[in-house]
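# Summary of the model geometry
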Amino acid sequence: MRDKKKAVFNTLFLLLVFGLTVYGVFRGEDLESMMHSIRQAQWQWLVPGVALVLFFIWSESIIIWYMMKSYGTRLKKRSCFLFSSVGFFFSCITPSASGGQPMQIYYMKKEKIPIPVSTVVLMIVTITYKLVLVVIGIGILIFGQGFLHRYLEGILPVYYLGLGLNVFCVVFMTVLVFHPVLTKEILKKVSICWKAALDETQRRTAGKAGCIYGYLPGNSSIFKRAYGRDRGCIRNTFVQRMALFAATWFVYRAFGLSGTSFFDILFLQAVIAVAVDMLPLPGGMGISETLFLNIFRPVFGSLLLPGMVLSRGLGYYAELLISAAFTVVAQLTIGNEKVREQKKCIKERVEG
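Conventions we followed
Throughout, a residue's number is its position along its own chain's written sequence, starting from 1. A pLDDT threshold of at least 70 governs which residues receive local features in this predicted model, and a stricter bar of 80 or more applies before side-chain atom pairs are shown or counted, although totals over entire chains, interfaces and linings include all residues. Calculated side-chain values reflect all of the structure's heavy atoms, with hydrogen atoms and water omitted. Take a side-chain nitrogen of Lys or Arg and a carboxyl oxygen of Asp or Glu: if they are within 4 Å of each other, that pair is a salt bridge. The helix count covers DSSP runs of H or I at least four residues long, the strand count covers runs of E at least two residues long, and both are numbered beginning at the N terminus. Categorising residues by exposure relies on relative accessible area from a 1.4 Å probe, with only protein chains included: less than 20% of the type maximum marks a residue as buried, more than 50% marks it as exposed, and the intermediate range marks it as partly exposed. Under the pairing criterion, centres of Phe, Tyr and Trp rings, with the six-membered ring standing for Trp, must be within 6.5 Å; the plane angle then separates stacked pairs below 30 degrees from edge-to-face pairs above 60, leaving the rest tilted. Over a ring means this: the NZ of a Lys or the CZ of an Arg is within 6 Å of the ring centre and within 35 degrees of the ring normal.

We now examine the pattern of salt bridges. In this structure the tally under the stated criterion is three salt bridges. The salt bridge partner of lysine 130 is aspartate 277, with a shortest N-O separation of 2.6 Å. Taken together, the positions of lysine 130 in helix α6 (residues 115-143) and aspartate 277 in the loop between α13 (262-276) and α14 (287-295) put the pair 147 residues apart, joining distant regions of the chain. Ionic pairing is found between arginine 312 and glutamate 289, a salt bridge with its closest N-O pair at 2.9 Å. One end of the pair, arginine 312, is in helix α16 (residues 304-333); the other, glutamate 289, is in helix α14, and 23 residues separate them in sequence. Under the relative-accessibility criterion, arginine 312 is labelled buried at 11%.

Next comes the structure, spelled out in structure tokens:
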């Protein structure tokens, strides 16, 4: 019952934010002119943008596969792609992307992956995901003063807030990894307070979840391996994030525009990601559109509104739809023993 109420609340909240976003962005705008501009866009430029969204989702699946392999858990890459899709779908529809990891853990559990293992792996993936964003954000502050003053004068407080929240999140989660003794004490105290408010069934569930304590001492070695000799995790995450940011450049080219460099557009989109990543809005909805309309004005000019619609269409709504489709696949296939048995029987009949 509690889960159903939470699902209803999240759905209503998503619809409310979407409605307010549509009202705030399009109020008083010439929608007919905007749609005409969108229809005039060269759609062949948008195909690579959709491919980048798919690559973005797929890249995280490779990172999950790599980290699971580091833990001695061997999975099929297509299963990891479904886990990745589940994570992005629920992150897109819940405030502060809070629903992604719990749902990934749920589906991983259906594949017989222990909760402590999936929790630790996803924690490291999240730290790396946000760390890359922090490095980009700080890099822009240090090396991009001209860029900041040219494009970001009006939104610098929001940018600083978003960067600060991401730095805090990375530091806090890194402490959880590198200081297991301190982490255990914090978790134990939180657990004691939490269990006091639970019923008997929930206490048993909490007790099972508490076995993550035993995995904490091993976190730092795996974290160091991801950042160590091969640097696979952080390298792949950097490429992953850049791929999604680059989708806006293809929107820019779809309108036949030129004059702004690829890297300016790339880092402007990165600025939006830094600013909205930790805000309690599904997919940064509302604030992302507002920031785009503020900082991309010199880039898109009179095509600013249609540029925003197509850019967000690729960077958020295409991601939402693609990940939703594969989440349905995950629901139908992951942990479904009956489906596996049916496939096995069909295969035996064909071979027989």
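Attention now goes to the packing of aromatic side chains. Counting across every chain of the model gives 20 aromatic pairs. Aromatic pair tyrosine 252 and phenylalanine 300: ring centres 5.8 Å apart, planes at 90 degrees, arrangement edge-to-face. Of this pair, tyrosine 252 sits in helix α12 (residues 232-254) while phenylalanine 300 sits in helix α15 (residues 297-300), placing them 48 residues apart in sequence. Residue classification places tyrosine 252 among the buried residues on the basis of a relative accessible area of 1%. For phenylalanine 300, a relative accessible area of 3% gives the class buried. Between phenylalanine 292 and phenylalanine 296, the aromatic rings sit 4.2 Å apart at their centres with planes inclined by 20 degrees, giving stacked as the arrangement. One exposure class covers both phenylalanine 292 and phenylalanine 296, and it is buried. Clustering of aromatic rings is evident, with ring pairs tying together Trp45, Trp249, Phe250, Phe262 and Phe263. Its guanidinium or amino end placed over the ring of tyrosine 129, arginine 241 lies 3.7 Å from that ring's centre, counting from NZ or CZ. Over the ring of tryptophan 45 we find arginine 253, and its NZ or CZ is 5.0 Å from the ring centre.

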